[in-house]
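Descriptive analysis of the structure
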Amino acid sequence: MKNFKHSCGVALWFMFLTLPLLGVRVNTIKSEVEWRWLSILWVGLGAFVLSYFWRWSLQRRQGQPKRPQGGAAEPAAPGLLQRLLEEPGLYRPMLGAILLATVIFPWLVDTYQVNIMILALIFVVLGLGLNITVGLAGLLDLGYIAFFAVGAYAYALLNLHFGLGFWLCLPIGGLLGALFGVLLGFPILRLRGDYLAIVTLGFGSIAKIVLENWDTVFYGAAGIANIDRPGLFGLDLKLTAVTTYTYYLMLLLVAFTIFVTNRLKDSRIGRAWMALREDEIACVAMGVDMARTKLSAYALGAFWAGLVGVIFAARNTYINPNSFTFMESAMVLSIVVLGGMGSIIGVIIAALVLILMPEYLRAFSEYRMLVFGAVMVLMMIFRPQGLIANVRKTYAYRKAAAEQAHG
Amino acid sequence: MDYFLELFLSGLTRGSIYALIALGYTMVYGIIQLINFAHGEVYMIGAFVALVVAGALTIYGFTGVSILLLAALVAAIYAAAYGYTLERIAYRPLRGAPRLSPLISAIGMSIFLQNYVLLAQTPDFLPFPALIPDFDFMEPVAHIMGSAELVILLVTALTMVVLTVLIKYTRIGKAMRATQQDMTMARLVGINVDRVISVTFVIGSVLAAIGGVLVGSYIGQINFAIGFMAGVKAFTAAVLGGIGNIPGAVLGGLVLGLTEAFAAGYISSAYEDVFAFGLLVLILILRPTGILGKAVRQKV
């Protein structure tokens, strides 16, 4: 009953909130005022249901033991998905099936679908790259897409002016991305948390403004067209074949990215990143070189963005500054957040869901960004560890064994 | 000389708008150390509500300054409501969570609100009714200063005075300052901290809405995306002046506005935003505490 009353109140409140913007549309040219009472009613109904659910979830969350402050540490019980993933009898056939499906995928569907899949895989790599900076090192980067732009423009310009091929430009794009990562990281080494976020956001915006306005170098808002598709030993491939080829290329790159990030996670530098994420001061006090750790996190994160930037330019054969806005950065960030910061498999699933869903559910695509925003808020409140939590290595102290050891 | 004066005035005008929005950032940051990323969106919503109210009233046949006042009042009420709701939904459940969580939640809220307005209204720029009446100035003032600029400067100055009085002398102002100094201590002496934070959001949102209405009638058109840049700029202003510091926010806003106006006027208007961000980066590198900020010692 209390919940019912409360939810009624919430419904009324949201109807009040949405009244002027959703409920009224003013057309000053035709001098018409359009009242949309029906949508307000829907809002009221939706708010009522959601509020009921919201309170239930919050109560449930409060029932759980409180997580320790100041760290993402949460040795909570692994979810259903987690347990499924750790069951070898299930895990191996599943992985095999997924692998098989991805390999034969281009032979089952038409070029259009393959093209969408390539885009989704590009975002998988972007997500994994940003996962290094944000998920592992805890450095919130809101201008990540700028490095993507570096790679794309590097290939486009080199191809346009010097006729350099895709394969030569691929490492160049990655290295340029990393270089810009260091250049960006260097002046802001001292900053942390919120300041860092806002400065990276600033850098991202500056990059876009420069791309838009420096016509003589970047061809402004018109962009660059007729970029070469990826080549295969100088063979002249048809569009279908080249798309399939790009798809396999992307698959290989994804596999390579997963391999590298996975190895990095358990390396010395990966440990340093995670220490930095948990507590910067303690980490430095333990003798970790902060400058080197932060710069390497930026450089390695940016490297992947530069790399897939080249592929992005080659896939589209056309780029302009509109592909590199803050919204794209936010999208990659929400992929990392949704997937679970630091978790590789989570990031992959999140990227596929977030990129493919709007493509296949056309009705949904209009509300895509709205849902993104809501998801980011809800995830932070109800499941900050993401869809698939990154399981922390923990040291379990077993009392009996310890007693035995000490005789 | 005229050109210089014109730039100076336009810098002051936009600077005072930045200052109005920056106050919201700085007050919230001072109390809960959170960049309220969605603050720019509250400003945008304020402008939109004013547009809808003023537009509807104009169409139903009302005219005059009273419309502007009424639209501004409704916009302020709605911005306050949005600010309050925002805090309740996106920030309050995250008290005590790691610092990255509320920041991401704030970004999510900002994206959500932008797209809400985009879907509910239109993606296009909507004409904002020119509501600030024209006064006649005497020469030589007339051809460098418009009435809108004067109104903006006056309203901003008045708002600052009211805010200062509110924070210095009223009960809630004292509670706000106490909470800013030490939240636990404030709670111990019987201050309802949650209420103080809500009030802070409400005040900040009202200021942002005032800014939104002023900008709308000054520039003459608004769309759903205006909040984002304004928010980033206002945050820059807050950092410039020293975040958490109220006179600092005003000073930072004015410095930023003047910098932009002169850079746009004498160097290049296309790169105006680059100068704003450049200034932010420079300040953060050279003097991270801002112009008026005090160094904070971090306890380990």
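So, here is what we can say about the structure in this document.

Thresholds applied
Residues numbered from 1 in each chain as written. Chains lettered and ligands numbered in written order. Predicted model: local features only at pLDDT ≥ 70, side-chain atom pairs only at ≥ 80, totals over all residues. Heavy atoms only, no water. Helix = DSSP H or I, 4+ residues; strand = E, 2+ residues; numbered from the N terminus. Rg over C-alpha atoms; globule rule 2.2 N^0.38 Å. Buried < 20%, exposed > 50% of the residue type's maximum accessible area, 1.4 Å probe, protein only. Contact = heavy atoms within 4.5 Å. Areas by Shrake-Rupley, 256 points an atom, 1.4 Å probe, with all protein chains shown as cover. Lys, Arg positive; Asp, Glu negative; His and termini not counted. Charge placed at Lys NZ, Arg CZ, Asp CG, Glu CD. Phe/Tyr/Trp six-rings, centres within 6.5 Å; stacked < 30°, edge-to-face > 60°. Patch = residues over 30% accessible without salt bridge, like charges linked within 9 Å, V, L, I, M, F, W, Y side chains within 5 Å. Salt bridge = Lys/Arg side-chain N within 4 Å of Asp/Glu carboxyl O. Buried area = accessible area lost by both parts, 1.4 Å probe. Polar contact = N/O pair within 3.5 Å; in protein donor to acceptor, adjacent residues only side chain to side chain. Nonpolar A, V, L, I, M, F, W, Y, C, P; charged D, E, K, R; others polar. Core = buried A, V, L, I, M, F, W, Y, C linked by side-chain atoms within 4.5 Å.

Here we take up the overall build of chain B. In terms of helices and strands, chain B carries 11 helices and two strands. For 300 residues, the compact-globule formula gives about 19 Å, and the C-alpha radius of gyration of chain B, at 19 Å, lands near that figure. For chain B, the C-alpha atoms occupy an extent of roughly 60 × 45 × 35 Å along the three principal directions. Burial analysis of chain B (300 residues in total) assigns 59% to the buried set. Put simply, 77% of the contacts in chain B that link residues at least 6 apart link residues at least 24 apart. On chain B, roughly 12,300 Å² of surface is accessible, and the fraction owed to carbon and sulfur atoms is 67%. Distance between charge centres in chain B, computed from 16 positive and 14 negative side chains, equals 24 Å.

Turning our attention to the packing of aromatic side chains. Within a pair of aromatic rings, the relevant descriptors are the distance that separates the centres and the angle that separates the planes. Residue and element names in this part refer to chain A. Scanning the entire structure with this criterion turns up 27 aromatic pairs over all chains. Ring geometry for Phe48 and Tyr52: centres 5.9 Å apart, planes at 55°, overall tilted. Within this pair, Phe48 and its partner Tyr52 are both found in helix H2 (residues 37–63), separated by four residues, close to a single helical turn. For Phe48, a relative accessible area of 22% corresponds to the partly exposed category. Each residue in the set Phe148, Tyr153, Trp214, Phe218, Phe312 and Phe324 is aromatic and connected to the rest through ring pairs, giving one cluster.

It is worth spelling out a positive patch on the surface at this point. All names here are of chain B. Residues Lys168, Arg171, Lys174, Arg177 and Arg195 make up a contiguous surface patch of positive charge. Ranked by residue count, the leading element in the positive patch is helix H6 (residues 171–181), at three residues. On the secondary structure map, Arg171 appears in helix H6.

Here we come to the pattern of salt bridges. For the structure on display, the rule yields 10 salt bridges over all chains. Between Glu212 of chain A and Lys208 of chain A there is a salt bridge, with its nearest N and O atoms 2.9 Å apart. Highlighted residues: Glu212 of chain A and Lys208 of chain A, both in helix H8 (residues 193–213), separated by four residues, approximately one helical turn. Put simply, Arg14, Lys233, Glu260 and Asp273 of chain B are held in one network by salt bridges that share partners.

This part is about the interface of chain A and chain B. Contacts between the two partners involve 62 residues from chain A and, on the opposite side, 63 residues from chain B. Overall, the association of chain A and chain B removes approximately 5,700 Å² of surface from exposure, summing both partners, and the carbon and sulfur fraction of that is 77%. The largest share of the area that chain A buries against chain B comes from Leu21, Asp194 and Tyr195 of chain A, three residues that together contribute 13% of it. On the surface where chain A and chain B come into contact, there are zero salt bridges. Summed over the shared surface of chain A and chain B, the result is nine residue pairs in polar contact (both at pLDDT 80 or more). The set of elements that each furnish at least two residues to the side of chain A that touches chain B consists of helix H1 (2–22), strand S1 (24–27), strand S2 (32–35), H2, H8, helix H14 (326–339) and helix H17 (368–382) of chain A. Considering every element that reaches the side of chain A that touches chain B, the biggest residue donor is H8 of chain A, with 13 residues. Per-class residue counts for the side of chain A that touches chain B are 43 nonpolar, 10 polar and nine charged.

Moving on: unusual backbone geometry. Unlike most non-glycine residues, Thr317 of chain A shows phi in positive territory, near 55°. By secondary structure assignment, the location of Thr317 of chain A is in the loop between helix H13 (290–316) and H14. With a phi close to 50°, Gln33 of chain B is a non-glycine residue in the positive phi region. Residue placement: Gln33 of chain B occurs in the loop between helix H1 (2–32) and helix H2 (39–59).

All names here are of chain A. Of all hydrophobic cores here, the largest spans 215 residues; its most connected members are Leu126 and Met250. Looking at this core, the element that brings in the most residues is helix H5 (residues 111–136), giving 17 residues. Each residue touching Leu126, except ones within four places of it in the same chain, is listed here: Tyr144, Ile145, Phe148, Ala305, Val308 and Val332.

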